[in-house]
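Descriptive analysis of the structure
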Amino acid sequence: MANKIQAIRGMHDILPEQTPRWQAVEERLRAVLESYGYQEIRLPVVEKTELFRRSIGEVTDIVEKEMYTFEDRNGDSLTLRPEGTAGCLRACIEHGLLHNQVHRLWYMGAMFRHERPQKGRYRQFYQLGVETYGMPSPDIDAELILLTRRFWQRLGIGNKLELQVNSLGTGAERAAYRQILTNYLRSRFDRLDQDSQRRLETNPLRILDSKNLDMAPIIAEAPRLMDYLGDESKSHFQTLTEMLTDAGVEYSVNPCLVRGLDYYSKTVFEWVTDRLGAQGTVCAGGRYDGLVEQLGGRTASAIGFALGMERLISLTEESSLLDLNGAPDVYMIRVGVLAEQAGIGLAEQLRDALPNLKLLLHCGNGGFKSQFKRADKSGAEYALILGDDEMATGSASIKSLRTEGPQMTVSQTELSDYFQRILTAERG
Ligand code: ATP
Ligand code: MG
């Protein structure tokens, strides 16, 4: 036997046992997005490497070490998207969607990062991304947070996530603060860990985000970006927090929340949980007003977020709000030549008449006993039985697989009415 080929490390399969949960979660997210008037956009998985270099920033974790970059046959450098914001913006600039327009968009799909795989951290993972364009005032910042809060409520995990917010100010404010922070950190250079020493020159703000506890005292005493914001940034942030308070959203201001990417300005936020170990950030986002111009468009406001689907799915595992019953309503058993021949047509007629009926047809041979075993294993509510006796009388037998009770005989012409009544009784 040839040896088995296995999946790439960090790239996982989502098996049929898990897909009902994924589908149920995705369906609820979509319903909430739709109710807020957000539209779907579908984007390529591969983009020119230059797009990510220019948007995410050269000195970020993603561009420094996490991208899947390769040359295609023409010698162009391409990259599997590590996130969706850049591609979405590229598409909207390319198709002229940003001129004096307002958009609320979402996409769902696979992202790729060459990270060290562990629970909640994969090399291929799924994100729901939301991006909005053309709205400079903080009401849209608040709307995104309210929308995400509604996600958690609909999924029954509202009590498991906490909101952290911060403001990163404008590019100019951040540049000035960066100098102040660098001076502070440089004067304590010997107490910085290796990672932070390296970041000091390239991305000092990221040091604030260090998970190393030895760094905590230095970080706690560091100058705060919030104290160096200009009036406009300050009032934007204040209005946002007032809106959140008015809407009854609990939040904390985390001055160390800087986000990994270069492109953020003003509002940043994260929804975090303590239930997933080290991988506690489920949803993260912020404003990136400067990025549109940086990618060759005219100045336009933008704010969005990305939600890690694997982490979200893990969180819903204890939630009883999700109805995950994917079992069929009916399993059709056919024994004998006549029944085998007639069964497929009968199944099709039932599907024509009852589009919501979930009917599993037994395929392949087998006697009553083995087909009943399969029927039971499928989780189906009823077995629909066609044998020689039934064929002789133009009827079918129906047996409940989940409750005790006599087997019923129903004329084949009345089967759809029969199941219609059952479906109505069960599902209302
Ligand atoms: P982290 O700090 O966990 O590395 P990040 O800041 O790199 O996250 P973002 O780029 O903001 O993450 O992506 C948004 C969300 O996507 C994260 O909050 C997380 O839920 C999810 N995510 C990011 N990277 C991964 C990954 N490698 N595997 C699974 N989910 C991920
Ligand atoms: Mg990361």
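Let us now look at the pattern of salt bridges. For the structure on display, the rule yields 23 salt bridges. The partner of R21 in a salt bridge is E317, and the shortest N-O contact between them spans 3.9 Å. Here E317 lies in the loop between helix 11 (309-316) and strand 12 (330-334) and R21 lies in helix 1 (residues 19-35), a separation of 296 residues in the sequence. The class for R21 is buried, based on a relative accessible area of 14%. In this structure, the salt-bridge partner of R198 is D195, at a minimum N-O distance of 3.2 Å. In this pair, R198 and D195 both sit in helix 7 (residues 194-202), 3 residues apart, roughly one turn of the helix. Of the residues examined, D195 reaches a relative accessible area of 38% and is grouped as partly exposed. Salt bridges sharing partners connect three or more residues here, namely D61, E64, K65, D195, R198, R199, R206, D209 and K211.

Taken as a whole, the protein chain is organised into domain 1 (19-170 + 230-315) and domain 2 (330-427). Relative to domain 2, the C-alpha centre of domain 1 lies at a distance of 48 Å.

What follows deals with helix 1. Over its 17 residues, helix 1 runs 24 Å from end to end, which matches the ideal 24 Å to within 8%, given 1.5 Å per residue. Of the positions making up helix 1, those classed as buried are R21, W22, A24, V25, E26, L29, V32 and L33. Looking at the buried residues of helix 1, the elements they touch are strand 5 (103-112), strand 6 (124-133), helix 5 (138-154) and helix 11. Directly beyond the C-terminal end of helix 1, a positive phi value near 80° is found at G37.

With their axes 10 Å apart at the nearest point, helix 1 and helix 11 run at an angle of 105° to one another. Comparing their axes, helix 11 and helix 1 come out roughly perpendicular. Along its contact with helix 1, which presents R21, W22, V25, E26 and L29, the element helix 11 presents M309, E310, L312, I313 and T316.

Strand order in the open sheet made by the 8 strands is 1-5-6-11-10-9-7-8, with mixed pairing throughout. One side of each edge strand has no neighbouring strand; the edge strands of this open sheet are strand 1 (39-40) and strand 8 (252-253). In this structure, strand 7 (residues 162-167) lies alongside strand 8, joined through 2 bridges in parallel fashion. The residue of strand 8 that forms the bridge with V165 is V253. Of the strands in this sheet, strand 5, strand 6, strand 7, strand 9 (265-272), strand 10 (281-287) and strand 11 (302-308) touch helix 5, which is tilted by about 20° from strand 11.

Moving on: the sheet that holds strand 3 (residues 68-71). The sheet built from 3 strands is open, its strands ordered 2-4-3 with antiparallel pairing. Lying at the two open borders of the sheet, with one neighbouring strand each, are strand 2 (46-48) and strand 3. Taken over all neighbouring pairs, the strand axes of this sheet differ in orientation by 35° on average, direction set aside. Across the sheet, helix 2 (residues 49-56) is in contact with strand 2, strand 3 and strand 4 (77-80); its angle to strand 2 comes to roughly 75°.

Glancing now at the nonpolar core. Among the nonpolar cores identified, the biggest contains 48 residues, and L89, Y133, L185 and L208 are the most heavily contacted of them. Elements with a contribution of two residues or more to this core: helix 2, helix 3 (61-66), helix 4 (85-94), strand 5, strand 6, helix 6 (171-186), helix 8 (216-221) and helix 10 (291-294). The element that contributes the greatest number of residues to this core is helix 4, accounting for 5 residues. The contact partners of L89, leaving out residues within four places of it in the chain, are L98, Y133, Y288, L291, V292 and L295. L33, I303, I313 and L315 belong to the second-largest nonpolar core, a separate cluster that totals 40 residues.

On to helix 12 (residues 337-353), then. The end-to-end C-alpha distance of helix 12 is 25 Å, a good match for the 24 Å that 17 residues give at a rise of 1.5 Å each. Inspection of helix 12 places A339, G343, L346, A347 and L350 among the buried residues, and these make up the whole buried set. Considering only its buried residues, helix 12 is in contact with strand 12, strand 13 (359-361), strand 14 (382-386), helix 14 (388-393) and helix 15 (415-427).

Given two aromatic rings, one states the distance between the centres and the angle between the planes to describe the pair. Tallying each qualifying case throughout the model produces 8 aromatic pairs. Consider the rings of Y177 and Y228, whose centres lie 5.9 Å apart with planes at 45°: the pair is tilted. With Y177 in helix 6 and Y228 in the loop between helix 8 and helix 9 (231-246), this pair connects stretches of sequence that are 51 residues apart. For Y177, a relative accessible area of 1% corresponds to the buried category. Arranged with centres 5.6 Å apart and planes meeting at 80°, the rings of Y418 and F419 form a pair that is edge-to-face. There is no split in this pair, since Y418 and F419 are both buried.

What counts, and at which threshold
- Residues numbered from 1 in each chain as written.
- Chains lettered and ligands numbered in written order.
- Predicted model: local features only at pLDDT ≥ 70, side-chain atom pairs only at ≥ 80, totals over all residues.
- Heavy atoms only, no water.
- Salt bridge = Lys/Arg side-chain N within 4 Å of Asp/Glu carboxyl O.
- Helix = DSSP H or I, 4+ residues; strand = E, 2+ residues; numbered from the N terminus.
- Buried < 20%, exposed > 50% of the residue type's maximum accessible area, 1.4 Å probe, protein only.
- Domains from an automatic or database assignment.
- Expected span 1.5 Å × (residues − 1).
- Contact = heavy atoms within 4.5 Å.
- Axes fitted to C-alpha atoms, helices over the stretch in contact; angles between N-to-C directions.
- Parallel < 35°, antiparallel > 145°, perpendicular 65-115°, else oblique.
- Pairing = 2+ DSSP bridges.
- Core = buried A, V, L, I, M, F, W, Y, C linked by side-chain atoms within 4.5 Å.
- Phe/Tyr/Trp six-rings, centres within 6.5 Å; stacked < 30°, edge-to-face > 60°.

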